[in-house]
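The primary structure of each chain is shown beneath.
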Amino acid sequence: MAASKNLVRSESGKIRRVVVVGGGLAGLTTVIKLCEAGVPVDLFSLVPVKRSHSVCAQGGINASVNTKGEGDSPQVHLEETAYGGDFLANQPPVKAMCDAAPGIVFLLDRMGVPFNRTPEGLLDFRRFGGTLFHRTAFAGATTGQQLLYALDEQVRRWETVDLEDDKGDRVPGEKMVRKFEAWDFVGLVLDDHGTCRGIVAQDLKNTEIKAFPGDAVCLATGGVGIIFGKSTNSVINTGTATSTAYQQGACYGNGECIQVHPTAIPGADKLRLISESVRGEGGRVWVPRDPTEQRRGRDVPESQREYFLEEKYPGYGNLVPRDIASRELFKKCFHEKRGVYNRQSGKNENEVYLDVTHIPSETLRKKLAGVLEIYEKFAGEDPYTNPMRVFPAVHYTMGGLWVDFERSANGSLVTGSPRNQATNIPGLYAVGEADYQYHGANRLGANSLLSCIWGGMATGPAIASYRKNLARSAWDMPSSLFERAEKREQKKYESILAMDGEENAYQLHQELAHTMLVDCTIERHNATLDKVLAKIDEIDGRMKRVGVTDTVQGKMNQGAQFVRHMQNMVVLARVIAQGARNRDESRGAHYKPDFPQRDDENFLRTTMAMHQGAENGSPATVRYVRELDYDLLGTPVHVTDAVDISLVKPRARKYDTAGAASAVAQSGPKASPAAQNAPAASTEKA
Ligand SMILES: Cc1cc2nc3c(=O)[nH]c(=O)nc-3n(C[C@H](O)[C@H](O)[C@H](O)COP(=O)(O)OP(=O)(O)OC[C@H]3O[C@@H](n4cnc5c(N)ncnc54)[C@H](O)[C@@H]3O)c2cc1C
């Protein structure tokens, strides 16, 4: 393949930038790695990048540094991640991530992230779900914020760095990064061969729609929790960008794998997470043994409490993986009707206690202040002296845009291969919660911040080598290509502004969210999933009769923007529900009581969904494929839905005894519930 000779300027003399959409941890890391490789970037974000949803992350980031001498290692981390995800994740990318994790935490430390430290000055690590090891580095309970701000600072630096041409001369007025905040990605620019050549985005301040060339495009646009209504996600997490890419031909992987977190609290706008780190620091989950108990939690004597996770799972106790914990909480509240009495509502609610009152307040302040503050503010009760009341909430999107990888001889990734993180649309990459790659059917706590940063570290070099070998720069494509894409999106937007039907998009969102939440989360039944799919088709039809609530042009218009996002949410809802309907087994977060076992013979495979547009009045459908062919830099690539399980052999998941996760883990620390709940040695924040 003939590569463009000049890497900074295109043949026609333009600066050859790539586009990154998303300024969370995944997007920012990708930008940094691209800049380090000398690739100029245009960075787009719906919100100011420092408000990206990553800022909400509380508990920490995993890395097997083993400072506590427990025998932890990247190999154990790999095994536990594969095992925790019920073997649905391709293992080479997971291995690469776990191997890189200690270096990533040290790098973040050097960037100035104020990680908690032990009294000896070492980085401190806490426990998280699905492991017996202290593997999670943390900055109090605001880890995401500290990480995001540290990366933001690095990107800001690149925004001031002058771009140099191929001879090393400064290009006047051109910086390495140009940032576009408050822009909504609305579509890809695809050339006649289906190669991605840029994006179309809308400036939310004045609604201008504009096409931007990019030698490659990376979507780092986060998860899709808002499809389920209120969740622990930020309200912008509608999945609009990944849905759009899917509708333009990108494959969507494992859409049905949606994580419900066991411990959240209500809020008017969203459900606020009470991080797993609370249990990692010794928080205990319980309900009164007597279902008619009406005393305050703190007044219920120890002997009258049922610590149901510790009793059923003596090994991992309160730190069983989230899919298991959420199902147990659900069972306790919905099936056994054991939810605790709520003095405000005067009745038993679907809530259980999460108790940290036995932990010294000094320790709580040093390690969990951020999250306990959230509880106090939104629940109006002091968690230092009262057990918190929590319930499960939709939390994380394991599925996402399907992305490829190139396996190296040692079972890891070929560094800098343009296949890493590539979607099946040539030139389009995806990373972070927007991709499907690292967590299989269930993500382990504190592995997401890691997969975002590691993913960015893999994506930057992948895009750099793709761009280096690109025969023709996007910046040399005829302007008509971009004008056409701009017009297409302009027309779509105008058709939304012209909608004057009787339906209300916000009401339809509530209906969609209700059906998805009630029938497509913790327990899934085929008969109800059929109803969910029928409801999605119904909502899809009614969306055509929406009346837009705001028709203003040339100024911010959230009403029209919401209609667009809602149209895209309906499409992804169908991918999630149909994927759940098809997967007749139980695996990780996907649980069907009628098919309670994992079925490796039939379902140890990636769900690969392709969009089939609406035809002749019938609604859009999902086409599931078992294999995929795409072209990368002139080389045909053929992939199948087989999961690469070459490194850790699948075996039944069993968390009721200590160390069940792996042979290596079995020789690791044996955590008894008592040991887990003992207050940890006091640590100081750096
Ligand atoms: C409350 C909470 C606590 C968590 N705690 C932890 C934890 O302790 N440890 C852990 O590992 N994980 C945690 N997670 C998960 C983790 O925070 C996320 O998975 C991760 O931060 C996602 O990062 P990201 O970069 O992929 O996307 P995000 O941070 O969601 O960023 C998405 C970016 O895309 C942009 N974007 C989206 N759509 C568009 C569009 N249409 N146009 C332009 N831009 C767009 C947004 O503006 C944003 O900049 C937590 C999650 C929640 C909800």
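Residues numbered from 1 in each chain as written. Predicted model: local features only at pLDDT ≥ 70, side-chain atom pairs only at ≥ 80, totals over all residues. Heavy atoms only, no water.

The domain boundaries assigned to the protein delineate domain 1 (18-257 + 396-483) and domain 2 (261-392 + 653-685). Between domain 1 and domain 2, the C-alpha centre-to-centre distance is 31 Å. The interface of domain 1 with domain 2 comprises 40 residues on the first partner and 45 residues on the second. Residues Asp86 and Arg653 are paired through a salt bridge, measuring 3.6 Å at the closest nitrogen-oxygen approach. Take the side of domain 1 that touches domain 2: its biggest share by element is 5 residues, from helix H2 (residues 74-84). Partitioning the side of domain 1 that touches domain 2 into residue classes produces 14 nonpolar, 16 polar and 10 charged. (Domains from an automatic or database assignment. Contact = heavy atoms within 4.5 Å. Salt bridge = Lys/Arg side-chain N within 4 Å of Asp/Glu carboxyl O. Helix = DSSP H or I, 4+ residues; strand = E, 2+ residues; numbered from the N terminus. Nonpolar A, V, L, I, M, F, W, Y, C, P; charged D, E, K, R; others polar.)

This part is about the environment of Leu43. Of note, Leu43 is situated in strand E2 (residues 41-45). Accessibility expressed as a relative area gives 0% for Leu43, which makes it buried. In this structure, the C-alpha to C-alpha distance between Leu43 and Pro596, residues 553 residues apart in sequence, is 44 Å. Sequence-distant contacts of Leu43, that is, excluding residues within four places in its chain, are made with Val20, Gly22, Gly23, Leu28, Val31, Val49, Val155, Val177, Arg178, Lys179 and Phe180. (Buried < 20%, exposed > 50% of the residue type's maximum accessible area, 1.4 Å probe, protein only.)

Mapped onto the secondary structure, Asn237 falls in the loop between strand E13 (217-219) and helix H5 (240-247). By relative accessible area, Asn237 is classed as buried at 4%. Every residue in contact with Asn237, bar those within four places of it in the chain, is listed here: His53, Gly223, Val224, Gly225 and Ile226.

Quick look at the nonpolar core now. If you look at the biggest cluster of nonpolar residues, it comprises 197 residues, and the most contacted ones within it are Ile61, Leu108, Ile227, Trp454, Leu512 and Met516. Among all residues touching Ile227, those that are not within four sequence positions of it are Thr238, Leu512, Ala513, Met516, Met569, Leu572, Ala573 and Ile576. (Core = buried A, V, L, I, M, F, W, Y, C linked by side-chain atoms within 4.5 Å.)

Residues in contact with the ligand amount to 39 residues; listed here are only the nearest, Ser52, Ser54, Gly59, Glu433 and Ser448. Within the contact set of the ligand, an oxygen atom lies 2.6 Å away from a side-chain nitrogen or oxygen of Ser52. In the environment of the ligand, an oxygen atom lies 2.7 Å from a nitrogen or oxygen atom belonging to the backbone of Gly59. For the shell around the ligand, the secondary-structure elements that each account for two or more residues are helix H1 (25-36), strand E10 (183-190), H5, strand E22 (388-397) and helix H10 (448-468). Taken together, the residues of the shell around the ligand break down into 17 nonpolar, 19 polar and 3 charged. (Near = heavy atom within 4 Å. Polar contact = N/O pair within 3.5 Å; in protein donor to acceptor, adjacent residues only side chain to side chain.)

Averaged over the protein, the pLDDT score is 93; the fraction of residues at 70 or greater is 95%. Throughout residues 659-668 the model reports pLDDT below 50, and contacts reaching past four residues in sequence, or to other chains, amount to 23 contacts. In this model, residues 670-686 is a region of pLDDT below 50 whose contacts with residues beyond four sequence positions or in other chains number 48 contacts. (pLDDT = per-residue confidence, 0-100.)

Summed over all chains, the structure comprises 71 salt bridges. With a closest N to O distance of 2.6 Å, Arg156 and Asp152 form a salt bridge. Residue Arg156 and its partner Asp152 are both found in helix H4 (residues 143-160); the two are separated by 4 residues, about one turn of the helix. Residue classification places Asp152 among the buried positions, given a relative accessible area of 2%. Residues Arg467 and Asp215 are paired through a salt bridge, measuring 3.7 Å at the closest nitrogen-oxygen approach. Separated by 252 residues along the polypeptide, Arg467 in helix H10 and Asp215 in the loop between strand E12 (209-213) and E13 bring together distant segments of the chain. Since its relative accessible area comes to 3%, Arg467 is described here as buried. One network of salt bridges, in which partners are shared, links Asp86, Glu256, Asp323, Arg327, Arg583, Glu585, Arg587, Arg598, Asp600 and Arg653.

On to the packing of aromatic side chains, then. Taken as a whole and assessed by the stated rule, the structure comprises 16 aromatic pairs. Aromatic pair Trp183 and Phe212: ring centres 5.3 Å apart, planes at 85°, arrangement edge-to-face. You can see Trp183 sitting in strand E10 and its partner Phe212 sitting in strand E12, a full 29 residues away along the chain. Ring geometry for Trp286 and Tyr307: centres 6.3 Å apart, planes at 55°, overall tilted. Here the residue Trp286 occupies a position in strand E17 (residues 284-288), and Tyr307 occupies one in the loop between strand E18 (305-306) and helix H7 (308-312), the gap between them amounting to 21 residues. Here the two residues Trp286 and Tyr307 agree in accessibility, since each one is buried. Taken together, Phe44, Phe180, Trp183 and Phe212 form an aromatic cluster joined through their ring pairs. Stacked on the ring of Phe378, the Lys or Arg Arg272 has its end atom at 3.8 Å from the ring centre. (Phe/Tyr/Trp six-rings, centres within 6.5 Å; stacked < 30°, edge-to-face > 60°. Lys NZ or Arg CZ within 6 Å of the ring centre and 35° of its normal.)

Next up on the list: helix H3 (residues 91-111). Here H3 is 21 residues long and its end C-alpha atoms lie 29 Å apart, about the 30 Å a rise of 1.5 Å per residue gives. Taken as a whole, H3 carries its principal kink of about 45° at Ala101; the proline Pro102 stands between one and four residues after it. Taking burial as the measure, the 21 residues of H3 include 15 buried ones, the bulk of the element. Two residues or fewer past H3, Gly112 is found with a positive phi of approximately 110°. (Expected span 1.5 Å × (residues − 1). Bend = angle between axes of the 7 residues up to and from the residue.)

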